[in-house]
Amino acid sequence: MHSPSRKDFVSLTFTGSGNYNSKQWKRQSCWRKWKQLSRLQRNLILFTMALMLVCGIATYPTVTEHFRGLTVVVKEEGGHVLKPVIPEVLPESDKQNQLLVPEPPSEQKRAPDKRGPPGLQNRLQKKGNGSDIQVEENQIQEAKKADIEEGEKPLVNRRGALIEADQATEGGTAKEAENKVDVPAVEQEDHSHKEPVDRLEAVRDAFRHAWKGYKEFAWGQDELRPISKSYGEWFGLGLTLIDALDTMWILNLKEEFEEAKTWVSTELSFNKNVDVNLFESTIRILGGLLSTYHLTGDTLFLDKAKDIGTRLMPAFNTPSKIPYSDVNIGKGTAHPPRWTSDSTVAEVTSIQLEFRELSRLTQDTRYQAAVDEVMQKVHKLEGKQDGLVPMFINTNSGQFTHLGVFTLGARADSYYEYLLKQWIQGGKKETELLEDYLQALEGVKKNLLKKSSPNRLTFVGELSHGQFSPKMDHLVCFLPGTLALGVHHGLPADHMELAKQLMETCYQMYAQMETGLSPEIVHFNMHEGSIRDVDVKLADRHNLLRPETVESLFYLYRFTKDRKYRDWGWEILQNFNKYTKVSTGGYTSINNVRDPEYPSPRDKMESFFLGETLKYFYLLFSDDPELVSLEKYVFNTEAHPLPIWPSAE
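Because the structure is a prediction, the values reported are computed rather than measured. Here, residues in each chain are numbered from 1, in the same order as that chain's written sequence. Totals for whole chains, interfaces and linings use every residue, but because this is a predicted model, local features are given only for residues with pLDDT of at least 70 and side-chain atom pairs only at 80 or more, for both listing and counting. Excluding hydrogens and water, the side-chain values take into account all heavy atoms of the structure.

Asks: An account of the pattern of salt bridges is needed here, citing residue identities and associated values.
Replies: Salt bridges are defined as contacts in which a side-chain nitrogen from Lys or Arg sits within 4 Å of a carboxyl oxygen from Asp or Glu. By the definition in use, this model includes 25 salt bridges. One salt bridge in this structure joins Asp386 and Lys446, with 3.6 Å as the shortest N-O distance. Here Asp386 is found in the loop between α12 (366-380) and β13 (392-394), whereas its partner Lys446 is found in helix α14 (residues 431-447), with 60 residues between them in sequence. Lys471 is paired through a salt bridge with Glu462; the nearest N and O atoms lie 2.9 Å apart. Like Lys471, the residue Glu462 is buried in the burial classification. A single salt-bridge network, built from bridges that share partners, covers Glu201, Arg204, Asp205 and Arg208. Numbering of helices and strands runs from the N terminus, with a helix taken as a DSSP run of H or I at least four residues long and a strand as a DSSP run of E at least two residues long. Residue exposure (1.4 Å probe, protein chains only): buried if accessible area is under 20% of the type maximum, exposed if over 50%, otherwise partly exposed.

Below, the structure written as structure tokens:
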């Protein structure tokens, strides 16, 4: 049965060249279907298409770059074709040696240089750079701007004493190329492996690497600037080289020592019209030359020591016999800084070991007489609090100034260190020195010793007009080692317990930082409920490659044989290598120990990194107690060993 015919449609047949698949027919059909959709449906479709267009535009560069990176043009017989690239897997050893430079944050600012040795100005040397990675110009300009700002202010030396800006002179020569400067990478090393390591050789390697940079870019100058591959001048007397002489001898680096000795013999002259800081010249240059003479027996170094010692003596020509801070070693004149007639207490009381030893060797008593008179005056002065001394002393009146402020940090620290060490040096006969030392320690316990929260770390704070501040300089970390040294020489045993507690604190100043390196200054939390023991202000986050913690680790290990002190030292050395080692030679101070991604290198290797820090690392890892025996030697505050006088003297 057939269905009834339908009357509601018309059948059309197209003939000729047209057909229903033509483009015009498709457009009409699609438009008809589009019109049949509801308004909501049309809006959804339009929104989806717009979203897909935006996503496509956003991802197009990334996608193309990705595929470019995964393909390579290969020439074959049929022509050039694209083939996928198989990523190369680096061997584990190559990964460890790969150099990385962390990218600086977009708004990274250089922390102000308010403490530490003077910011030495420099220009780039005219030498081939050979750097591995190019850093953008704005980073270099930022560092230059900070250096210029430093040069407009009074400078500060390692003990916190103000030094006039014009004492730091420029070194190197300008170098510009296409408005960019090549900067060597700061090495990032993988220390996760647990294989046995020769730690002594690791220290030697670190010294060789530092010496490589100094020799190539700063030979005979005061300090290396490893990033810019240039140098900075302070006194123009080769501070780094002289500071490192006895370190090279102790580390048995004979080749490096001989080339340095040749420079001392042929190039070193103190007949220069230059102002030098009495304290820094004494501990680094006089101390370094005396120490090297004792270790080698070579009179070259004794002759040079006598020369510089004599040239420093005009500093003591003051109304009070408290020495001026600055001496012109060419003219034979001395003066205080332009802005004050004060000297810092640490500086005038931390030159005694060196001048006393110079008198003993030369049989010229005037050196020792000058420094002994300073100690006798300070011993009798009023203004102390329980044996603690203020930070400043006036060269005219001979009296303490800025009374009521007490610290074991900058401007006072090595006064306490040298009380004990002079007593040891002189054969334990000078009882006034011992009495002052013991009284000062009781003052520390009574006024400055506190516990942190939450871990109850023992720390040494500061006192200002009766108000306690939980501020502790890294410089204070000399104290654990000094306490342990005193116990070794017969002082009360409870000093060793305090030494161990403070040693733990100084280690935590490293361990609680993201880079594993200590800042210059910390503030301890004392409030219950604190999350962490240590806070660090932005301006205090720099690390200058300082030696004090490693120094104390050396003493604590030498006297207790507790291997944890070696392990702590090894951690610190690894972190120095990770965050401060510069690929082309040398190590650099850094601005921010809280930022492991970009610690912000300061482009400066202090002379004491070679003179002290690496020396103490080596002695810490050595199993030979006769290597600079503490029965025969006492270290000055720059880690230069001087002999303990025979009891007959």
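That was the structure; now back to the text.
Asks: Outline the sheet that holds β13, listing residues and values.
Replies: The strand order β12-β13-β14 describes an open sheet built from three strands, whose pairing is antiparallel. The open sheet terminates on both sides in strands that have one partner only, identified here as β12 (342-344) and β14 (400-401). If DSSP finds at least two bridges between two strands, the strands pair.

Asks: So what about the state of the cysteines? Which residues, and what values?
Replies: The term disulfide is used for any two cysteine sulfur atoms that are within 2.5 Å. The tally for this structure, following the rule as stated, stands at one disulfide. Here Cys477 connects covalently by a disulfide to Cys506, the sulfurs 2.1 Å from one another. Measuring the twist about the S-S bond at about -105 degrees, one finds the Cys477-Cys506 disulfide to be left-handed. Of this pair, Cys477 sits in the loop between β20 (471-473) and α15 (479-488) while Cys506 sits in helix α16 (residues 494-511); the two residues are 29 residues apart in sequence, bridging distant segments of the chain. Both residues of the pair, Cys477 and Cys506, count as buried.

Asks: So, the side chain of Thr588: which residues are in play, and what are the values?
Replies: Tracing the sequence through the fold places Thr588 in the loop between α18 (563-579) and α19 (607-621). N or O atoms closer than or at 3.5 Å make up a polar contact, with two conditions inside protein: a donor-capable atom paired with an acceptor-capable one, and, for residues adjacent in sequence, both atoms drawn from side chains. Looking at Thr588, its side chain comes within polar contact range of the main-chain nitrogen of Asp603, at 2.9 Å. A distance of 3.4 Å separates a polar atom in the side chain of Thr588 from the backbone nitrogen of Lys604. Once residues lying within four places of it in the same chain are set aside, the contact partners of Thr588 are Pro226, Ile227, Leu545, Thr580, Val582, Pro601, Arg602, Asp603 and Lys604. Contacts: residue pairs with any heavy atoms within 4.5 Å of one another.

Asks: Before we move on, could you go through the packing of aromatic side chains and cite the residues and values that matter?
Replies: Aromatic rings considered in pairs are described by the distance between their centres and by the relative angle of their planes. For Phe, Tyr and Trp, where Trp contributes only its six-membered ring, two rings pair if their centres lie within 6.5 Å, and the inter-plane angle classes them as stacked under 30 degrees, edge-to-face over 60, or tilted in between. As enumerated under the stated definition, the model contains 24 aromatic pairs in all. A centroid spacing of 6.0 Å and a plane angle of 75 degrees characterise the contact between Phe576 and Phe609, whose relative ring orientation is edge-to-face. On the criterion of sequence distance, the pair formed by Phe576 in helix α18 and Phe609 in helix α19 is long-range, its members being 33 residues apart. The exposure class of Phe576 is buried, given its relative accessible area of 0%.

Asks: Now, about the sheet that holds strand β21 (residues 521-524): what can you tell me, with residues and values included?
Replies: Strand order in the open sheet formed by three strands is β20-β21-β22, with antiparallel pairing between adjacent strands. The open sheet is flanked by β20 and β22 (534-535), the only strands paired with a single partner. Judged from the two bridges that link them, β21 and β22 form a sheet pairing that is antiparallel. Residue pairing across strands places His523 opposite Asp535, the latter belonging to β22.

Asks: An account of the packing of helix α11 (residues 352-362) against helix α13 (residues 413-425) is needed here, citing residue identities and associated values.
Replies: As a rule, the C-alpha atoms of each element are fitted with a line to give its axis, helices using only the stretch in contact, and angles between N-to-C directions run from 0 to 180 degrees. For the pair α11 and α13, the least separation of the axes is 10 Å and the interaxial angle reads 20 degrees. Overall, the two elements α11 and α13 adopt an arrangement that is roughly parallel. The hand of the α11/α13 crossing is right-handed. Together, Gln352, Leu353, Glu354, Arg356 and Glu357 of α11 and Tyr418, Lys421, Gln422 and Gln425 of α13 make up the contact between the two elements. Gly counts as polar in this scheme, as do all residues outside two lists: the nonpolar Ala, Val, Leu, Ile, Met, Phe, Trp, Tyr, Cys and Pro, and the charged Asp, Glu, Lys and Arg. In the contact of α11 with α13, the residues fall into two nonpolar, three polar and four charged. Roughly parallel means an angle under 35 degrees; roughly antiparallel, over 145; roughly perpendicular, 65 to 115; everything else is oblique. For any helix crossing, the convention is left-handed if the near helix is rotated counterclockwise from the far helix by under a right angle, and right-handed if that rotation is clockwise.

Asks: Mind laying out the environment of Leu241, listing which residues take part and the relevant values?
Replies: By the element assignment, Leu241 lies in helix α6 (residues 239-250). Classification of Leu241 by relative accessible area gives buried; the value is 0%. Separated by 369 residues in sequence, Leu241 and Leu610 have C-alpha atoms that sit 8.7 Å apart. Apart from residues lying up to four places away in sequence, Leu241 is in contact with Trp211, Tyr214, Trp219, Met248, Ala260, Trp263 and Val264.

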